[in-house]
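For reference, the chains in residue letters:
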Amino acid sequence: MASALRYKDKVTIVTGGSKGIGQGCVEVFVEAGSKVVFCSRGETEGRDLEARMNAQGPGSALFVRCDMSSEDDIKNLINTTVEKYGQIDCVINNAGTHPPVRKIDDISADDFRRLLDINLVSYFLVAKYAMPYLRKTKGCILQDSSLVAEIGQPGSCTYVASKGGVTSLTKALAIDEAANGVRVNTFAPGNIWTPMWEDGANQTRDPEQCKRNGENAQLLGRFGTIRECGLTCLYLAADATFCTGINILLSGGAELNYGMKNPLQKDPTEFL
Ligand SMILES: NC(=O)c1ccc[n+]([C@@H]2O[C@H](COP(=O)([O-])OP(=O)(O)OC[C@H]3O[C@@H](n4cnc5c(N)ncnc54)[C@H](OP(=O)(O)O)[C@@H]3O)[C@@H](O)[C@H]2O)c1
C-alpha cells in the first residue's frame, strides 16, 4: 500500500473534501492512518464519504459542514477539529471553484470578489485560525493552486488571478512561519479528472471532444487522478520535511514544449 501508515494519528484538515481532489486527499490520508476532518457545503456526499472511510480505516474521518465563504463556518471547522482531537498537524486548503468561461467584459467586480472569497480569502482564513495549533505541532499547510497560475488559461482571468494569489500566499507564509517550524507548500494540479472538470466539459458544445482535448493536453496523454493528488499531498506532509515555499506541478508535463498558440493562425498544421 503506497501510503502505509506514514501519517498515523496525525490530524489533517481537508477543505472541499467531499468530492474530487479533496476526496483523493481524504482517502489517502485515512489510508495513511491520519485522523481527517473534512468539509464541504453539500452534506450527502460528505456523510457518505465519512461513513465509507470510518468503515475502511485505519485512520478516521469526520465531516463538518462548512461554506468557505463564511468566516464563522471556517472558525467552527477549526474549533470542532481541536475540540475533538486537541491538535492540528496538517491543513490542506483545497476547496475552490472555477467560474464559467468568460471575457473580462462580462465579469463584474462582485463576481470577482465572490470568487476571491472562496478561492483565496478562505485559504488565508483557514491558515490564520489553524496557525496557533500548527505552530504547536510544527505542522504544515498544503495549498491547492493550479498549473494555470503559471501559464494562464483563456476566458478565466479571475480564476487564474485567484490561483496566482494562492501560490504567492504560500511563499509569504512560508517565510513568516519558518521560525515557528510550520512548512507551507503549494501543489498545482493541471488536468485532473474530477466532478469540476466533468461539469465544465458538459457545458461545452461537444463534451466528448472536450474530454479528449483535456487528455491530450498532457505529455502523459491522460488526466491526473484524485489519488495521485492525495499521494502528492501525503509526500509533502509526511516526507518532504526539507521543503517549504515550493510549488509542485501535478501536470503530466502539460506546460512543456511549444504549442500552436497564435490565436490569429487559422490553420496550425501549416507550420509542419
Ligand atoms: N480538477 C482540476 O483539473 C483542477 C486543476 C487545477 C486546480 N484545481 C483546484 O483543485 C481544487 C478542487 O477542485 P476539484 O476539481 O476537485 O473540484 P470539485 O470536483 O468541484 O470538488 C470541489 C470540492 O470543494 C467543495 N466546495 C466547493 N465550493 C465550496 C465552498 N464554497 N465551501 C466549501 N466547500 C466547497 C465541493 O463540495 P460542495 O460543492 O458540496 O461544497 C467539493 O467537495 C479547486 O481549488 C480547484 O481550483 C482543480
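Everything discussed here concerns the structure shown above.
Small disclaimer: the values here were computed from a predicted structure and weren't measured.

Engineer: Which residues make up the pairing of strand S2 (residues 35–40), and what values do they have?
Structural biologist: Of all six residues that make up S2, five are buried, and the element is covered over most of its length. Traced from strand S1 (residues 11–15) through helix H1 (residues 20–31) to S2, the parallel crossover comes out right-handed. At this point the chain moves from S2, through helix H2 (residues 43–56), to the parallel strand S3 (residues 60–65), and the crossover so formed is right-handed.

Engineer: Could you give an account of the environment of Gln-209, naming the residues involved and the relevant values?
Structural biologist: Within the element layout of this structure, Gln-209 appears in helix H8 (residues 207–216). Judged by relative accessible area, Gln-209 falls into the partly exposed class, the value being 31%. The spatial distance from the C-alpha of Gln-209 to the C-alpha of Ala-178 is 46 Å, given a sequence separation of 31 residues.

Engineer: Explain the site of the ligand to me, using residue names and the numbers behind them.
Structural biologist: Near the ligand, the surroundings consist of 29 residues, among which Ser-18, Asn-94, Asp-144, Tyr-159 and Thr-194 are the closest. Side-chain polar atom of Arg-41 to an oxygen atom of the ligand: 2.8 Å apart, as the coordinates give it. Asp-144 places a polar side-chain atom, nitrogen or oxygen, 2.6 Å from an oxygen atom of the ligand. Relative to its unbound accessible surface of 880 Å², the ligand loses 93% to contact with the protein. Ranked by residue count, the leading element in the shell around the ligand is helix H7 (residues 195–202), at three residues. For the shell around the ligand, the class distribution of residues is twelve nonpolar, twelve polar and five charged.

Engineer: Let's hear about the packing of aromatic side chains: which residues, and what values?
Structural biologist: Taken as a whole and assessed by the stated rule, the structure comprises five aromatic pairs. Plain terms: the ring middles of Trp-197 and Phe-223 are 4.8 Å apart, the flat faces sit at 80° to each other, and that makes the pair edge-to-face. Placement of the pair is Trp-197 in helix H7 and Phe-223 in the loop between H8 and helix H9 (226–239), with a sequence separation of 26 residues. Each of the two residues, Trp-197 as well as Phe-223, counts as buried. We note Lys-128 situated over the ring of Tyr-129; from NZ or CZ to the ring centre the distance is 5.8 Å.

About the criteria used
- Residues numbered from 1 in each chain as written.
- Predicted model: local features only at pLDDT ≥ 70, side-chain atom pairs only at ≥ 80, totals over all residues.
- Heavy atoms only, no water.
- Buried < 20%, exposed > 50% of the residue type's maximum accessible area, 1.4 Å probe, protein only.
- Helix = DSSP H or I, 4+ residues; strand = E, 2+ residues; numbered from the N terminus.
- Right-handed = clockwise from strand over helix to strand, strands pointing away.
- Near = heavy atom within 4 Å.
- Polar contact = N/O pair within 3.5 Å; in protein donor to acceptor, adjacent residues only side chain to side chain.
- Areas by Shrake-Rupley, 256 points an atom, 1.4 Å probe, with all protein chains shown as cover.
- Nonpolar A, V, L, I, M, F, W, Y, C, P; charged D, E, K, R; others polar.
- Phe/Tyr/Trp six-rings, centres within 6.5 Å; stacked < 30°, edge-to-face > 60°.
- Lys NZ or Arg CZ within 6 Å of the ring centre and 35° of its normal.

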